[in-house]
Each structure stands twice: as structure tokens, then as C-alpha cells.
Amino acid sequence: MRAWIGLVCLLPGLATAEGIAIRAGKVHTVAEAGVLTDATILVLDGVVQAVGAGLPVPPGYTVVDAADAVVTPGLVAPYTRFGIQEIELEASTRDDAVVAYPLGPALDVADAFDDSSTLYAVNRRDGVTRAVVAPRPGNDPLAGWGALIRLSQSEQLADTRVAMFGTLATNEFSGGSTAAVFQRLREGLTNARRRAQRSVDSREYRYADSEALHALQQSGAPLVLEVHRSADIRRAVDLAETFSLRLIILGGSEAWKVADVLAAADVPVIIDGFANRPSGFDRLGARSDNAAMLHAAGVRVSFTSEETQNARWVRQIAGNAVAEGMPWEAALAAITAQPALTFGFPNGVGQIVEGGVADLVLWTGDPLEVTTWAERVMIDGVWQPMHSRQTRLYERYRSLDAEGLPYGYR
Amino acid sequence: MKHLLLLALLGISAASAAREPYDSTYEVRAASATLFRNVSVYTGDGRTLEPTDVLVSGGKIQRIGEQPVPADDIAVIEGEGRWLTPGIIDVHSHLGNYPSPAVPSTSDGNESVLPNTASVWAEHSVWPQDPQFALALAGGVTTLQILPGSANLFGGRGVTLKNVPARTVQGMKFPDAPQSLKMACGENPKRVYGQRILPPATRMGNVAGYRAAWAKAAEYRDKRAHADAEKRPERDIGLDTLASVLDGNILVHNHCYRADEMAVMIDVAKEFGYRITAFHHAVESYKVADLLAREGICSAMWADWWGFKLEAFDGVSQNVALVDQAGACAIVHSDSPIGIQRLNQEAAKALTAARRVGMDVSAGTAWQWISLNAARALGIAERTGSIEVGKAADVVLWNRDPLSVYAKADLVLIDGFTYFDREGRRPVSDFSLEHTAAGGGA
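Residue numbers run consecutively from 1 along every chain, following the written order of its sequence. To label them, take the chains in the order written and letter them from A, then take the ligands in the order written and number them from 1. The predicted origin of the model limits local features to residues at a pLDDT of at least 70 and limits the giving and counting of side-chain atom pairs to 80 or more, whereas totals for whole chains, interfaces and linings rest on all residues.

**Notes on the overall build of chain A**
Per the secondary structure count, chain A includes twelve helices and 15 strands. Against the globule reference of 22 Å for 410 residues, chain A gives a C-alpha radius of gyration of 23 Å, in line with a compact fold. A principal-axis box enclosing the C-alpha atoms of chain A has dimensions of 65 × 60 × 45 Å. Whether a residue is buried, exposed or partly exposed follows from its count of other C-beta atoms within 10 Å of its own C-beta, namely 20 or more, 12 or fewer, or something in between, respectively; the C-beta atoms are built from the backbone. Across the 410 residues in chain A, those meeting the buried criterion constitute 54%. Sequence separation of 24 or more characterises 67% of the internal contacts of chain A that already satisfy a separation of 6 or more. Strands are runs of DSSP state E lasting at least 2 residues, helices are runs of H or I lasting at least 4, and numbering of each runs from the N terminus. Atoms considered for the radius of gyration are the C-alpha atoms alone. The globule rule reads 2.2 Å times the number of residues to the power 0.38. Contact criterion: two residues are in contact if their C-beta atoms, reconstructed from the backbone, are within 7 Å.

Take a look at the structure:
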């Protein structure tokens, strides 16, 4: 480490101009280094150059005194509609699902991604730095390919086709039987493996969809299936094993009942920790301590928020999971490192590690508390603006005063 | 209701009085006196008390302040590190009307067949076995208002319930709480009916619909009072509701997101001589907080919901605090079976957002947003919503400061009776038996 820093200092033209040294009271690396107190994080060229206690600050680095701050990796939201849905109830702002066209797994959200959404700034200033954008099942139980984005001001799309998304949560696609959905998945996957299917019948997989399923099996990208009923979770695990797919369970309201199965198969789950209601007959076993039980059984858990415009809720969800018995460190990991590891994102996303992306949040205190907030947010080594449409509206109306120009000029 | 008051004045037990149809059958359960010793307190009216003692007995709050060692028949709960608050009051819920499981056969919250269904009463859709009531109780909710949905200009009458397990809705009704009328502005009515090529299809159509109904109601109300019974109009159940609003007996709770629409609704109310008690959802109240303060209208708001529809696009996290700061009545509501389980956290988030921009708001004020101000909007502030001597012992004991994400309710008392004990007594709905984890199913 010291040798590397020394080397950097010998190359001033490359290194010293943009270097940032953050002196933090507490750093949660969510990696092997664990929790560090009075530590320094060196950031250069968008990556974490070093993190540790007592690190010397190379000359030319901008020093940020954050002695009172708690630093974590940026939050990673594992299941969102960022850039493909601006306003849920305005159909013209949505590109998240195909409903009037026979297309399933071949859909790729990158083809519709909007880089100017107002949702980025709102969630960024509350600490969300990366997100998985997933399509919603429309005509087919398999919805298509999702992407990885960063919630920066530009160049948000970080990687495409990071996972295939689908659902077993309802039988609406089959018109009456979850068994038919399983059969369709098996048939589609088998045909894709054989690459013999060339049908254009909309009830079977078209060429492009078959190609997508073939690519899924070849690439090793994960298949994320929303499924809640414990029996369906078991069957999904079996299906994934049969076709050698990397399965991720989304939703998983009754996952706690089959925690041993998930742990044995090392199938991670992405859950909305607030979903504790018996809101459907496929999730009568929903409970508040689902995450705590899964974690205790050795299942890898990530948290998602029900709403993309409030992807920022994941830290409140994590805090509630702690109140329900999940270890604090595991709950923080469930909104940082674990989503990244679940999808297999490279470059230390969701962690603070040497050589990893410099996505950092400086919090005023415990990042899982509802009484703290993000003071500063860094993405790829760049401090992000902390304003949004919401902060602009607040500034405009904070003082209701008849004096001066009308509000439209403020 | 009048009979009950009269009988009470005469010293006759209300229990023996003739019951009016639809009246509450809720009865306060006998409970031993309880002394909460050394508890920190959010009083619900804005104050925070350093660790002190609170004695409840006979279903009421009897004494606040250090107590001598009590007699043997008083249960003593050591509060070291724990907090006592008034029970949380949610002014906007659909529990029982949109229960879990959420399936077509349980969907009873929106009579979306006509834009004016002032005739329907939300209480007639409440399924007392909704498992969500128990989840809300675990979150410290002691009182909640169930409102009809917002598909219609006039959605119908709302009802205020005590969050107690009961076989009937009457057994949950908050005795003598005024009923409400749910009205809705904006996108929902015009979308629901516009799609069917029926009025209203626009916001101006919405307003025309309100005015036409109120004009008819005013005429009905006058004729109803005619001295000559022969000249009274044929009874109309929907107009009964609107006329009772004009008489001041039913409180108006108006779903309204946008500031400009609130101002229009205030003028509609002035034209026909009724008062708006609260705007619900009120995402843009911060833009007209001065007007709302002047008119004495409460705003029931979320801490941070925004953007799920265009009329919610201008949501800001300081909305609640800005309304409060302007001197208007600010309430944090849920409108959600998830949010109702943690309204304490929602109030904390609204408080935090204010502090983040340097606003000076106290923690005690944040609790007022989910207790006394909510009670005020429901017309029950004289009886509950704050920890004051003589008020109902609707209280929650928390294991720590309840404005923390980690806080859990240890005990929830309604009229002094412990309906929830984290280590013991918890209600389980009929539906949950064997089915769910709470009901002993695997």
C-alpha cells in the first residue's frame, strides 16, 4: 500500500491534481477491512486508492475533514425502474413493460433508458449511487434484460444485460396456472438450449426471445424471478439447477420457510423488508423478520424498496430489519455490498476497497437511522451536487412572503 | 347520540340506554391501574417530559409527575430508558376496506360506479378480521379513520375506529366520534369517469360536480326542515350526508394534492357554507400554508411520498414542517397498510428533513403530527391524542425513543386496557389462524 502511494507521488502529473483524501471518523468498508475509526480514504481517478487508519496524505490531495461523519459505500438499489418509468400513473412516461407486442426475454431496458430523469437527483442526495434497472413482466413471465446504472449526472448506464428478470408471482400470464408458467419456462429454456425454435407464434418464444434465453444460459448472467410462495421457491430452485442458471429470488415473502434450501443452493434473495402482510394467497406466511431469519440461516439478503422514486427507503428498510433481529452489519451490507455481490458486479461496487469504484456517502450519523442524512455523496470519485427539483421547490416556497416578485421568479 | 348525552347528564348508564342504529357498541374493558415509572414522555401536544411517572386508572390518565410508592393493587412498570406517548392516530386508512389478503372478494373501498356516492358509509365495508389491524396495533396505532377511496367526487362517509379486536365494526367504532365525508380532487375522479365517457372528465368537471351536488343538498336541507311534513322531500340517503355536512355534523376530509385545487375547494366550501376540516395527501400544502393557516384547515401529509402520479410530482420532504411552521395544523398520515405500521418513523423522517435544512422543529412537535393534531381533525381531541390528566389512557410504551428506526412498541393501551404486549398478549384475526405465522401456521 505504502509503496503504491509512493509511486503515485513520483508521478505528480498523473496523480496529485485530482486526488482527494477523506479523513473520516468512522468508515464502514463493508469488506474485509470491516469498520475503521479515524481512517483516511484516498480517492484518485474515480477509484479508491487506499483506505486505512493513519495513511499519509500525498501532496496535492484535497483533504476533506469528515471527523464527525460516518462513511459508507454508496447505496445500491437492486430492483428499480430508474430511467424507464418517470411517473407510474402517466403511461407516456413508462417504458418498463411490453403489453401490446409479442416480446418477452429479448426486451432490453437499455433500448429505452432515459438519462434525464428527475428521480436520480432525489435519490442520489439520499445516498443511492447505483441501481439495477429491471423491466416489468408484461406479455410474458420473462420480462427481459436489466441494466446497471450509476445515479450520476451523466453517463448513467454502467452496464447492460446484467440479469434477466421474470416472475412466478402470479398465474395471470398463463390465464390460470402457475404450473403452465413453469412449463413455459422449461420449454423456452430447453428450446433455447437446442436453438431449434424458430416459431413466430406469439404464444411461443420468437426467435429473438429464444436467442435471449440462449444468451442467458451462455453468459451465466443471473435470472431474477419474483416468487413468494415457499413451494414455488423450491420449484424455482429446482428449475435453476436443471438448467444451470444463477437464480436470484425477488420478493420471497415466504423464503424464511425454505431458508435451508436457499442456503444449500446459495441462492440469494432480494426482499422488500416492509412486505410483512399476508397480502395474497401466495404470501400468507409473510412476516417482519423474514430477513433476519434468512440471514441467520446463511442466506444472502439484499433489500429493495417498493417504489423507485423512493429507492432511498432501503436504508429505513434496513434499519427496521435490525429492529427485527438482523445484525446491523448484515443490514448495511444488504443495501451496499450484498446487492453488488448478488449480481456479480465487479470493481468493488457496494464496498470501500482498494481499486474499487469510489462511490461514497458521508452520513451525519448511523446511516440506518431515520434521524440522519447524507452530507456529501461521491460517485466514481466525483462529489455530486446535492440539489434536486425538490430542493428547488423548497427554496422557492420556504418563505411565503407577499413582498417581492411572484413565486415564478424565485 | 343525543339520547346518550342526555342520559349521561341524568346520571343514567349509557349501557342501559336505547342504542341508535349503527352506534358504537365498544365498551371500555376493566383494567387494573398502572403506574409507568420513570418514563420519558412525548405528551402529544408538543411537549417532551424528562423521565417522570404517569398513572393510569379507570381507563384515564390520572396523574403525571413523580408518584409516591403505590398501593399493592397498582401494576408498576419500570420505564428506565423507555418512552411513553399517546397512541398514534392515523387520519387516513383503508384497513378493513382494502384488507389483506387483497383479492377481488375483499376489495371494498371504492364504490366507483358513480361520481357522487355520498350515500355509502365506509364502516359498512370494514372487515373486522383484517389481519392488518393487528400489524398497525404493533406499530402503536390506537385510533384510525377509515375513509372510502378517492375514485369519486363524493366518496361517502368515513368512520373513526378504535384499533381493538372485535367481531363487528360497531364494536370498534369510537363512541360519539363525528362521521366524515370523503371528497376527492384532481386526477382520480376525472380519470375513473373520463375513461368511461362520463362526467367528470376534467378538473372543471370535478368542480361542476361538487357545486351541483351542494346546490341540491342545500335545497334538500331547507325542505327537510319544513314545518309541514307533507312538504318535506322524499328521503335521499346521499343528500342526508351532504345536508349533515351543511349542518356542521359531519366533517369534510378532502383528498387534494395540488395547492391551486385546494384554493378552489376552499371557495366551493365558502359558496355553500361548509368547512373543510382537512386536506388529505396535501403534497403541495407548503405552497399555500399561509392560506391553510388562515382558514384553519389541517393538512394530512406523507413524510416523503412523491412522484407516483403527476399531481404528486412536487412533493418535498419539508412539507409537514413548513405547514407547521406557518401555523397551520400539520398531520402525518399513512393511507397505507405499510406506513401505518411505522408512523412514528414517518414523523421522524419529516422532522429530520426539516432539521437537514436548518429548520427549528422539536421532537415533541413531531409527535403532535401523529397524535393531537390528528385527533383534532377527527373531532376527538377533547378525549384522546395527548397525555393529559383526564384524557383516555390511549398510550404506548416504547422500548426507546420512538423517533428512532429501532424503536418497538412494548405495550399498547386503549382506554387503559393492554391490547398489545410485545412479550405476551397480541391479537390474532380469525383469518390468520393456521394460515399465517402470527396465527400459529408454519
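**Some thoughts on the overall build of chain B**
Assigned secondary structure in chain B consists of eleven helices and 16 strands. The C-alpha atoms of chain B give 22 Å as radius of gyration, which agrees with the globular expectation for 442 residues (22 Å, within 12%). With the C-alpha coordinates aligned to their principal axes, the bounding extent of chain B is approximately 65 × 55 × 50 Å. Restricting to contacts in chain B with at least 6 residues of sequence separation, those with at least 24 account for 67%.

**A look at the environment of Ala118 of chain B**
All names here are of chain B. With respect to the helices, strands and loops of the structure, Ala118 is situated in the loop between strand E6 (88-93) and helix H2 (132-138). Measuring from C-alpha to C-alpha, the distance between Ala118 and Gln145 comes to 17 Å, with 27 residues separating the pair along the chain. Apart from the residues lying within four places of it in its own chain, the contact partners of Ala118 are Phe154, Gly156, Leu181, Gly238, Thr241 and Leu242.

**Concerning the domain arrangement of chain A**
All names here are of chain A. By domain assignment, chain A separates into domain 1 (1-72 + 351-410) and domain 2 (75-349). Placing a centre on the C-alpha atoms of domain 1 and another on those of domain 2 gives a separation of 30 Å. Considering every element that reaches the side of domain 1 that touches domain 2, the biggest residue donor is strand E14 (residues 374-379), with three residues. Residues were grouped as follows: Ala, Val, Leu, Ile, Met, Phe, Trp, Tyr, Cys and Pro as nonpolar; Asp, Glu, Lys and Arg as charged; and all remaining residues, including Gly, as polar. Across the side of domain 1 that touches domain 2, the residue classes tally to twelve nonpolar, nine polar and four charged. These domain limits were set by an automatic method or by a database of domain assignments.

**Focus: the nonpolar core**
Grouped together as the largest cluster of nonpolar side chains are 251 residues, with contacts concentrated most on Ile41, Val71, Ile249 and Ala318 of chain A together with Ile331, Ala347 and Ala350 of chain B. Looking at this core element by element, the count peaks at seven residues for helix H9 (residues 343-356) of chain B. No fewer than three residues from each of domain 1 (1-72 + 351-410) and domain 2 (75-349) of chain A sit in this core. In contact with Ile249 of chain A, not counting residues within four places along its chain, are Leu225, Val227, Ile233, Ala236, Ala255, Leu262, Val267 and Val269 of chain A. Joining buried Ala, Val, Leu, Ile, Met, Phe, Trp, Tyr and Cys residues through C-beta atoms within 7 Å gives a set, and that set is a nonpolar core.

**Side note on the interface of chain A and chain B**
Contacts between the two partners involve 33 residues from chain A and, on the opposite side, 39 residues from chain B. Secondary-structure elements contributing two or more residues to the side of chain A that touches chain B are helix H9 (314-323) and helix H12 (389-397) of chain A. With five residues, the top contributor of residues to the side of chain A that touches chain B is H9 of chain A. Within the side of chain A that touches chain B, the residues separate by chemical class into 15 nonpolar, eleven polar and seven charged.

**Things to note about the pairing of strand E2 (residues 35-44) of chain A**
All names here are of chain A. Strand pairing is assigned whenever DSSP identifies at least 2 bridges connecting the two strands. Sheet topology note: the strand E1 (residues 20-28)/E2 ladder contains eight bridges and is antiparallel. Counterpart to Ala21 in the pairing with E2 is Leu42. In textbook terms, the turn of a hairpin is the stretch between consecutive antiparallel strands, and for E1 and E2 this stretch comprises six residues, one of which, Val30, has a positive phi near 50°. Sheet analysis places E2 next to strand E3 (residues 47-53), joined by six bridges and oriented antiparallel. Along E3, the bridge assignment pairs Thr40 with Gly52. Hairpin connection, E2 to E3: the antiparallel pair is bridged by two residues, and Asp45 has positive phi, about 50°.

**What to know about helix H6 (residues 259-272) of chain B**
All names here are of chain B. In this model, H6 (14 residues) spans 21 Å end to end at C-alpha, consistent with the 20 Å of a helix rising 1.5 Å per residue. Where H6 is concerned, the buried positions are Ala259, Met262, Met265, Ile266 and Ala269. The buried residues of H6 all sit within an arc of 110° when viewed along its axis, so they share a single face. Where the residues of H6 are buried, they touch strand E10 (251-256), strand E11 (276-281) and helix H7 (289-295). The first or second residue beyond H6 is Gly273, which carries a positive phi of 75°. By this rule the span expected of a helix is its residue count minus one, scaled by 1.5 Å. What the arc measures is the spread of directions leading from the helix axis to the C-beta atoms.

**A look at the pairing of strand E16 (residues 417-421) of chain B**
Residues in a regular strand project their side chains so that they alternate between the two faces of the sheet. Residue and element names in this part refer to chain B. Of the pairings in the sheet, the one linking strand E15 (residues 409-414) to E16 comprises four bridges and is antiparallel in character. The residue bridging Ile414 from the neighbouring strand is Phe417, located in E16. Between E15 and the antiparallel strand that follows it, E16, lie two residues; Asp415 among them carries a positive phi value of about 50°.

**What to know about the confidence of the model for chain A**
Residue-level confidence of the predictor is summarised by pLDDT, bounded by 0 at the bottom and 100 at the top. Counting all residues, the mean pLDDT for chain A is 92, and 92% of those residues have values of 70 or more. Counted against residues more than four places away or in other chains, residues 1-16 of chain A, with its pLDDT under 50, gives 15 contacts.

**A few points about the sheet that holds strand E7 (residues 142-150) of chain A**
Residue and element names in this part refer to chain A. Here we have eight strands laid out as an open sheet, ordered E5-E6-E7-E8-E9-E10-E11-E12, and mixed in their pairing. Looking at the sheet topology across the chains shown, the edges are occupied by strand E5 (75-80) and strand E12 (301-303). The mean angle between the axes of side-by-side strands here comes to 30°, regardless of whether they run parallel or antiparallel. Across three bridges, the pairing between strand E11 (residues 269-271) and E12 is parallel. By the bridge assignment for E12, Ile270 is matched with Ser302. Note on geometry: axes are C-alpha line fits, over the in-contact stretch for helices, and angles between N-to-C directions span 0 to 180 degrees.

**Here we look at the packing of helix H4 (residues 203-224) of chain B against H6 of chain B**
Residues and elements named next belong to chain B. Axis separation between H4 and H6 bottoms out at 10 Å; the angle between their running directions is 20°. In terms of orientation, H4 and H6 fall into the roughly parallel class. When you trace H4 past H6, the crossing you get is right-handed. Contacts between H4 and H6 involve Arg203, Val207, Tyr210, Arg211, Trp214 and Ala218 from the first element and Glu261, Val264, Val268 and Phe272 from the second. Its residues placed into classes, the contact of H4 with H6 shows seven nonpolar, no polar and three charged. Angles are sorted into four bins: roughly parallel if under 35 degrees, roughly antiparallel if over 145, roughly perpendicular if 65 to 115, and oblique for all others. Put simply, a crossing is left-handed when the front helix is turned counterclockwise from the back one by less than a right angle, and right-handed when it is turned clockwise.

**Description of the sheet that holds E3 of chain A**
Residue and element names in this part refer to chain A. Spatial strand order, E3-E2-E1-E4-E13-E14-E15: seven strands in an open sheet with mixed pairing. Because the sheet does not close on itself, it has two edges, and the strands there are E3 and strand E15 (382-383). In the sheet, strand E4 (residues 62-73) pairs with strand E13 (residues 360-363) via four bridges, with the strands oriented antiparallel. Note that in E13 the partner of Val71 across the bridge is Leu362.

**Points about the environment of Glu423 of chain B**
Locating Glu423 of chain B in the fold gives a position in the segment after E16. Sequence-wise, Glu423 of chain B and His280 of chain B are 143 residues apart; in three dimensions their C-alpha atoms are separated by 36 Å.

**Here we look at the environment of Ile297 of chain B**
Residues and elements named next belong to chain B. Tracing the backbone shows Ile297 in the loop between H7 and strand E12 (298-301). Its 25 C-beta neighbours within 10 Å are what place Ile297 among the buried residues. Sequence separation between Ile297 and Ile276 is 21 residues; the distance between their C-alpha atoms is 6.3 Å. The contacts of Ile297, once residues within four sequence positions are left out, are Ile276, Ala278, Phe279 and Leu292.

**Focus: the packing of helix H4 (residues 178-194) of chain A against helix H5 (residues 207-219) of chain A**
Residues and elements named next belong to chain A. With their axes 8 Å apart at the nearest point, H4 and H5 run at an angle of 80° to one another. Classified by the angle their axes make, H4 and H5 are roughly perpendicular. Residues Gly188, Leu189, Asn191, Ala192 and Arg193 of H4 touch H5, and the partners they reach there are Ser210, Leu213, His214 and Gln217. For the contact of H4 with H5, the residue count by class is three nonpolar, five polar and one charged.

**Some thoughts on unusual backbone geometry**
With an omega dihedral of 0°, the bond running from Ser100 of chain B to Pro101 of chain B counts as a cis peptide bond. Inspection of the secondary structure puts Pro101 of chain B in the loop between E6 and H2. Cis geometry is found at the peptide bond from Pro199 of chain B to Pro200 of chain B, where omega equals 0°. Take Pro200 of chain B: it is sitting in the loop between helix H3 (187-194) and H4. Even without being glycine, Val30 of chain A reaches a positive phi, approximately 50°. Among the secondary structure elements, Val30 of chain A is positioned in the loop between E1 and E2. Non-glycine residue Asn38 of chain B carries a positive phi angle of around 65°.

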